[in-house]
Amino acid sequence: MDSDEQDFSLSGLTQNTFLEDPVILDDELSIISSILATENLDFGNSESTSANTSHAESTNARNISLISDEELQKIKETRIPLNTKHNTAWAVRVWKEWADERNSKAPANEKVEPDICKVSDVELMHWLAKFVVEVRKKATKRECYPPNTLYQLCCALLRYLRNNGRPALNFFEDPNFKHFQDSIDAEMKRLTGQGVGANVKQAQAFSEADEDKLWTSKLLDDHTASVLLNTKVFLIGKNFALRSGRERRLLKFSQLTLEPACGTEPEKLVYVSFGEKNNLGGLKQSNMKRKR
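Trainee: Describe in detail the nonpolar core, supporting the description with residues and values.
Mentor: Residues Trp95, Leu124, Leu128, Phe131 and Phe171 are the most contacted members of the largest nonpolar core, which totals 30 residues. Among the elements that make up this core, the one with the highest residue count is helix 8 (residues 147-162) (seven residues). The contact partners of Trp95, leaving out residues within four places of it in the chain, are Val112, Glu113, Pro114, Ile116, Val119, Leu124, Trp127, Leu128, Phe131 and Leu157.

Trainee: I'd love a proper account of empty space enclosed by the protein, names of residues and values included.
Mentor: Overall, the coordinates contain one cavity of 30 Å³ or more when judged by the stated rule. Here the largest cavity defines a volume of roughly 40 Å³. If you go around the largest cavity, the residues you meet are Val132, Val133, Val135, Arg136, Cys144, Tyr145, Leu150, Glu187 and Leu191. When residues of the lining of the largest cavity are traced back to their parent elements, those giving at least two are helix 7 (121-134) and helix 9 (178-193). When its residues are assigned to classes, the lining of the largest cavity shows seven nonpolar, no polar and two charged.

Trainee: Summarise the confidence of the model for the protein; cite the residues concerned and give the values.
Mentor: Model confidence for the protein is summarised by a mean pLDDT of 80, while 74% of its residues fall at 70 or above. Across residues 3-13, confidence stays below pLDDT 50; counting only partners more than four residues off in sequence or on other chains, it has 13 contacts.

Trainee: Lay out helix 8 in plain terms, naming residues and giving numbers.
Mentor: Helix length check: helix 8, at 16 residues, gives a terminal C-alpha distance of 23 Å against a target of 22 Å (1.5 Å per residue), a fit within 8%. Taken as a whole, helix 8 has its buried residues at Pro147, Leu150, Leu153, Cys154, Cys155, Ala156, Leu157, Leu158 and Leu161. For helix 8, the secondary structure elements touched by its buried residues are helix 6 (82-105), helix 7 and helix 9.

Trainee: Summarise the pattern of salt bridges; cite the residues concerned and give the values.
Mentor: Throughout the structure, instances matching the rule amount to 13 salt bridges. Between Asp100 and Lys96 there is a salt bridge, with its nearest N and O atoms 2.9 Å apart. One end of the pair, Asp100, and the other, Lys96, are both in helix 6, four residues apart, so they sit about a helical turn from each other. Owing to a relative accessible area of 44%, Lys96 belongs among the partly exposed residues under this scheme. Between Glu97 and Lys138 there is a salt bridge, with its nearest N and O atoms 3.3 Å apart. Residue Glu97 is located in helix 6, and its partner Lys138 is located in the loop between helix 7 and helix 8; the two are separated by 41 residues in the primary sequence. Through salt bridges with shared partners, one network takes in Arg102, Glu110 and Glu134.

Calculation rules
- Residues numbered from 1 in each chain as written.
- Predicted model: local features only at pLDDT ≥ 70, side-chain atom pairs only at ≥ 80, totals over all residues.
- Heavy atoms only, no water.
- Core = buried A, V, L, I, M, F, W, Y, C linked by side-chain atoms within 4.5 Å.
- Buried < 20%, exposed > 50% of the residue type's maximum accessible area, 1.4 Å probe, protein only.
- Helix = DSSP H or I, 4+ residues; strand = E, 2+ residues; numbered from the N terminus.
- Contact = heavy atoms within 4.5 Å.
- 1 Å grid on protein atoms, 1.4 Å probe; cavity = no way out; pocket = protein on both sides within 12 Å on 5 of 7 lines; lining within 4 Å.
- Points joined across faces, edges and corners; volume = space filled by probe spheres on them.
- Nonpolar A, V, L, I, M, F, W, Y, C, P; charged D, E, K, R; others polar.
- pLDDT = per-residue confidence, 0-100.
- Expected span 1.5 Å × (residues − 1).
- Salt bridge = Lys/Arg side-chain N within 4 Å of Asp/Glu carboxyl O.

Here it is as structure tokens:
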């Protein structure tokens, strides 16, 4: 019997039909059984189906770890290098000390808020212009900051304000801060013209002759444990181009791979950076290659 005949026969069934001819009941039940078999329906294994679904869900789970707002805040704070934190704190302290000293000398109607976060944008434009011209080094005879240091001071203040509720602020480019921009530009040019900051201290390059002296004087060698340790620190820093103490302190064996000789290439120890002074692997360094 084809499917059309099955549908027709089933649609014509009534309670009276079964009462009149009980044989029909057996025939029609066999038809229903064949339909169920064709559709592969299984109503007797619901627990197994549920178990399979649960297993599939557990297999596809990502096993995520939930974190609190406090934990997220701590993670965010780790993005800022320690030196940057010190630099920012120093700039905020300079602003406060300048404001306190100015308030002790200025009339009552010219007081400046020592907490820079409480200064509005309009007031900030006014007081920043005075800050860059008036601020001086501490414990010196009115010695001015070099032009670059003055600029770095303002950069640190901007960074502090952005991290404390004003992320869109940019007083170096905002036209509403033109008074400040003109003031710092003029002051930096004035200081440059006076030779302030012209003699910048820089680390001297370490020549091969200097290194030879260390070897010949046995400061680099392996005759004692301490000298060997110093030698290893020196050679690792030199060959892996480690620029900061942090890179040396955080050096791990997992950053080193011994590659066997291949063709004309000798066996070598390969170092891979896990973050360096100018490339910590953040958003701004996403296109920079790791040191290798």
